[in-house]
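Here's the letter readout for the chains.
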Amino acid sequence: MVSTAPSAVAGTGDSSSTLHRVIGWKDAFWVASGVPALVLFSIGGIAATVGTPSVLVWTLSVLFGFIQAFTYAEIAGLFPNKSGGASVYGAAAWVRYSKFIAPLSVWCNWLAWTPVLAIGCGIAAGYILTALFPAEAAIRTWEIQLVDLSFFKEGLGLRLNSTFFIGAILMLISFGIQHRGILSTAKVQTIVGASVLLPLLIIGIVPLITGDVSMKAFEPFAPGTDIGTAAWDKAGWTLFFGGLFIAAWSAYAFETAICYTSEFRNPATDTYKAILYSGLLCIAVYVLVPLSFQGALGLAGVMAPGIVDGSGVAQAMASMVGGGSLITNLLVVMLILALMLAITTAMAGSSRTLYQGSVDGWLPRYLSRVNENGAPTSGMATDLAFNLILLLMSDYLFVLAVSNVCYIVFNFLNLNAGWIHRIDNAHVKRPWKAPTVLLGAGVVLAFVNAFLLGAGADVWGSGTLVAGAIAIGLVIPVFIFRHFIQDKGVFPPQMLADLSVDGKSIGQPKAGMLPYVALAGGVLSATVAYVIFWT
């Protein structure tokens, strides 16, 4: 039986030290509206790696994410007083079975979301430099190498260049927007979101209407970028699974819409509406944009310089709709704003994961501090500092891949948390209950995701899995410091909010060995996939 401390922690007292209930589901929808822009992060890398089936990769991935969303919507409804997203709600399921498994959920979700800041700012900086200066300009070519990280991936390192400084400015702008609180952030996201989702839809629809999407661009429909060798053989399936692995980072991400549960005026209905409507928007964008991108550019086009690293994607997309230099430059500007939308979405969600992780006793206490506007500024500052380091990385796609190792682990834990909560917390009222068949489908997808982890992660660099495992393991000393040193081995009572029957404990586990069997099954699934495709 898990014990709790008798005293409260920072961030859970009066309104000056807690998040504020000031938004509805539509506000959360717009805060999360940056998720469709995440397609810009890896659309080039996936197309240039998987080849013609990249559109199938995106379609399957976003449908997987939509099915999973039903589980997250249910478990979020159990916790009307918690923010931070599905990872926080999943941790409450796993804590009965292991104190050390539960914080993995929160930590992995944060490590999955926070790099959006660095990657998004880096790509946006690349868009700006590409639009304003020729390739040979000194401002685009100067670079100072700081640290060699080639033991993870050849050519990887920390470097200082123009991308870093422009990206840092963009990151500070996002920080400033959110410093005024979630309601102000939602208003900004609504204005920006309405204007920048339009170009994504234009890019997805116009080439289809004008006939610029050629079916020949999808021939041969087999993984690989060499027409002569592309095939559905072992190498081809490896590339395809690698595409599904990396696409998950973007296509599953609309689950961030439930990060704001404790800031909803009516969490019982706002929670599930926010995630499901966000999911429908993402299905439209993640199917149409890759279809037009691949169909208009063709295999040769997606192999062009600047597509893989993302810096040339905006120019390529703008050229797909025609209209001359003015329209092209306008679309580039709007795509930069789309990236800023994604960056703000990421900081809003990941900082609240840190906040709630601190309130619940998983992460250091300082992260539960908020300002007078109800913004989790300590979490935001931690995001900022961490991402300034990531912004120095020379390969953002590798950062994304390592981040996605964490994201797949998060999804595995939380999709299984759905049925664990059904068993252990059957007595708790559910404002919205997912159909059992969809809950079961989510469990199946948890093991599919584990398989993709083993089969596809190292497509993006031989050190991807190792780097991801190291990043995940860092939570152990962090949790030991908070739980055993700061809290003397007991959880704060806020951890039990919405679940405790007697206010002192969360009771005995009822699922027996099943959660451990699920964990073993996930490890086995990933291991078998790795052995099949990499040995």
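Note that the coordinates shown come from a computational prediction; the quantities given were computed from them, not determined experimentally.

Asker: In this structure, what is going on with the overall build of the chain? I would like to understand it.
Answerer: Helices and strands together make up the secondary structure of the chain, namely 19 helices and two strands. Burial statistics for the chain: of 535 residues in total, 61% are counted as buried. In the chain, the proportion of contacts linking residues at least 24 apart, taken out of those at least 6 apart, comes to 83%.

Asker: Sorry if this is basic, but what is going on with the layout of surface pockets here?
Answerer: Empty space among the atoms can be located by rolling a probe the size of a water molecule over them. For the largest pocket, the calculated volume is near 620 Å³. In terms of lining, the largest pocket is formed by 27 residues, of which the most central are Arg 159, Thr 163, Asp 309, Ser 311 and Tyr 396. Looking at which element gives the most residues to the lining of the largest pocket, the answer is helix α6 (residues 115-132), with six residues. Grouping the amino acids of the lining of the largest pocket by side-chain chemistry returns 11 nonpolar, 11 polar and five charged.

Asker: Even after reading the chapter, I still don't get empty space enclosed by the protein, so can you show me in this structure?
Answerer: Counted according to the given criterion, the structure contains two cavities of 30 Å³ or more. Lining the largest cavity are Leu 38, Ala 112, Trp 113, Val 116, Trp 249, Ala 253 and Tyr 407. Among the residues forming the lining of the largest cavity, the class breakdown is seven nonpolar, no polar and no charged. Of the pockets and cavities examined, the second largest cavity occupies roughly 30 Å³. Lining of the second largest cavity is provided by Gly 65, Gln 68, Ala 69, Tyr 72, Tyr 252, Phe 254, Glu 255 and Ile 275. The element best represented in the lining of the second largest cavity is helix α3 (residues 54-77), accounting for four residues.

Asker: Whenever I open this one, the environment of Ile 420 confuses me. Can you help?
Answerer: Turning to its location among the elements, Ile 420 is positioned in helix α15 (residues 396-424). In the structure, Ile 420 is positioned 327 residues away from Ala 93 in sequence and 6.2 Å away in space, judged by C-alpha atoms. Ignoring sequence-local partners within four residues, the contact set of Ile 420 consists of Ala 93, Trp 94, Tyr 97, Asn 425 and Pro 515.

Asker: What is the right way to read the packing of α15 against helix α16 (residues 436-456) from this model?
Answerer: Each packed pair of helices is defined by two parameters, the angle between the axes and the distance between the axes. Contact geometry of α15 with α16 gives a least axis separation of 9 Å together with a crossing angle of 150°. One finds that α15 runs roughly antiparallel with respect to α16. Our pair here, α15 against α16, has a crossing hand that is left-handed. For the pair α15 and α16, the contacting residues are Val 405, Ile 408, Asn 411, Phe 412, Leu 415, Asn 416, Gly 418, Trp 419 and Arg 422 in the first and Thr 436, Leu 439, Gly 442, Val 443, Leu 445, Ala 446, Phe 447, Asn 449, Ala 450 and Leu 453 in the second. Of the residues that constitute the contact of α15 with α16, the class distribution is 12 nonpolar, six polar and one charged.

Asker: Explain helix α11 (residues 267-302) here, please?
Answerer: Structurally, the α-helix is built with 3.6 residues per turn, so residues lying three or four positions apart point the same way. Here α11 contains 36 residues, and its C-alpha end-to-end distance of 43 Å is more than 12% below the 52 Å for a straight helix at 1.5 Å per residue. Helix geometry: α11 is bent most strongly at Ala 296, by close to 65°.

Asker: What am I meant to see in helix α10 (residues 234-251) here?
Answerer: When the terminal C-alpha atoms of α10 are compared, their 25 Å separation across 18 residues agrees well with the 26 Å that a helix rising 1.5 Å per residue should span. For α10, a buried count of 14 out of 18 residues is recorded, marking the element as mostly surrounded by other parts of the structure.

Asker: In this structure, what is going on with the packing of aromatic side chains? I would like to understand it.
Answerer: Given two aromatic rings, one states the distance between the centres and the angle between the planes to describe the pair. Throughout the structure, instances matching the rule amount to 26 aromatic pairs. A centroid spacing of 5.2 Å and a plane angle of 40° characterise the contact between Trp 110 and Phe 386, whose relative ring orientation is tilted. With a gap of 276 residues between them, Trp 110 in helix α5 (residues 102-113) and Phe 386 in helix α14 (residues 377-390) connect regions that are remote in the sequence. On the basis of relative accessibility, which here comes to 5%, the residue Trp 110 falls in the buried class. Each ring, one from Tyr 252 and one from Tyr 407, has its centre 6.4 Å from the other, and the planes form 45°; the classification is tilted. On the criterion of sequence distance, the pair formed by Tyr 252 in the loop between α10 and α11 and Tyr 407 in helix α15 is long-range, its members being 155 residues apart.

Asker: Honestly, the pattern of salt bridges in this entry has me stumped. Any pointers?
Answerer: Enumeration according to the criterion identifies six salt bridges in this entry. A salt bridge links Glu 74 to Arg 422; its shortest N-O distance comes to 2.8 Å. Note that Glu 74 is positioned in helix α3 and Arg 422 in helix α15, a separation of 348 residues in sequence. Note on accessibility: Glu 74 and Arg 422 belong to one class, buried. Linking Arg 430 and Glu 74 is a salt bridge whose minimum nitrogen-to-oxygen distance equals 3.0 Å. Remark: Glu 74 occurs in helix α3 and Arg 430 occurs in the loop between α15 and α16; sequence separation between them is 356 residues. Its relative accessible area of 1% is what places Glu 74 among the buried residues.

Calculation criteria
- Residues numbered from 1 in each chain as written.
- Predicted model: local features only at pLDDT ≥ 70, side-chain atom pairs only at ≥ 80, totals over all residues.
- Heavy atoms only, no water.
- Helix = DSSP H or I, 4+ residues; strand = E, 2+ residues; numbered from the N terminus.
- Buried < 20%, exposed > 50% of the residue type's maximum accessible area, 1.4 Å probe, protein only.
- Contact = heavy atoms within 4.5 Å.
- 1 Å grid on protein atoms, 1.4 Å probe; cavity = no way out; pocket = protein on both sides within 12 Å on 5 of 7 lines; lining within 4 Å.
- Points joined across faces, edges and corners; volume = space filled by probe spheres on them.
- Nonpolar A, V, L, I, M, F, W, Y, C, P; charged D, E, K, R; others polar.
- Axes fitted to C-alpha atoms, helices over the stretch in contact; angles between N-to-C directions.
- Parallel < 35°, antiparallel > 145°, perpendicular 65-115°, else oblique.
- Left-handed = near helix turned anticlockwise from the far one by under 90°.
- Expected span 1.5 Å × (residues − 1).
- Bend = angle between axes of the 7 residues up to and from the residue.
- Phe/Tyr/Trp six-rings, centres within 6.5 Å; stacked < 30°, edge-to-face > 60°.
- Salt bridge = Lys/Arg side-chain N within 4 Å of Asp/Glu carboxyl O.

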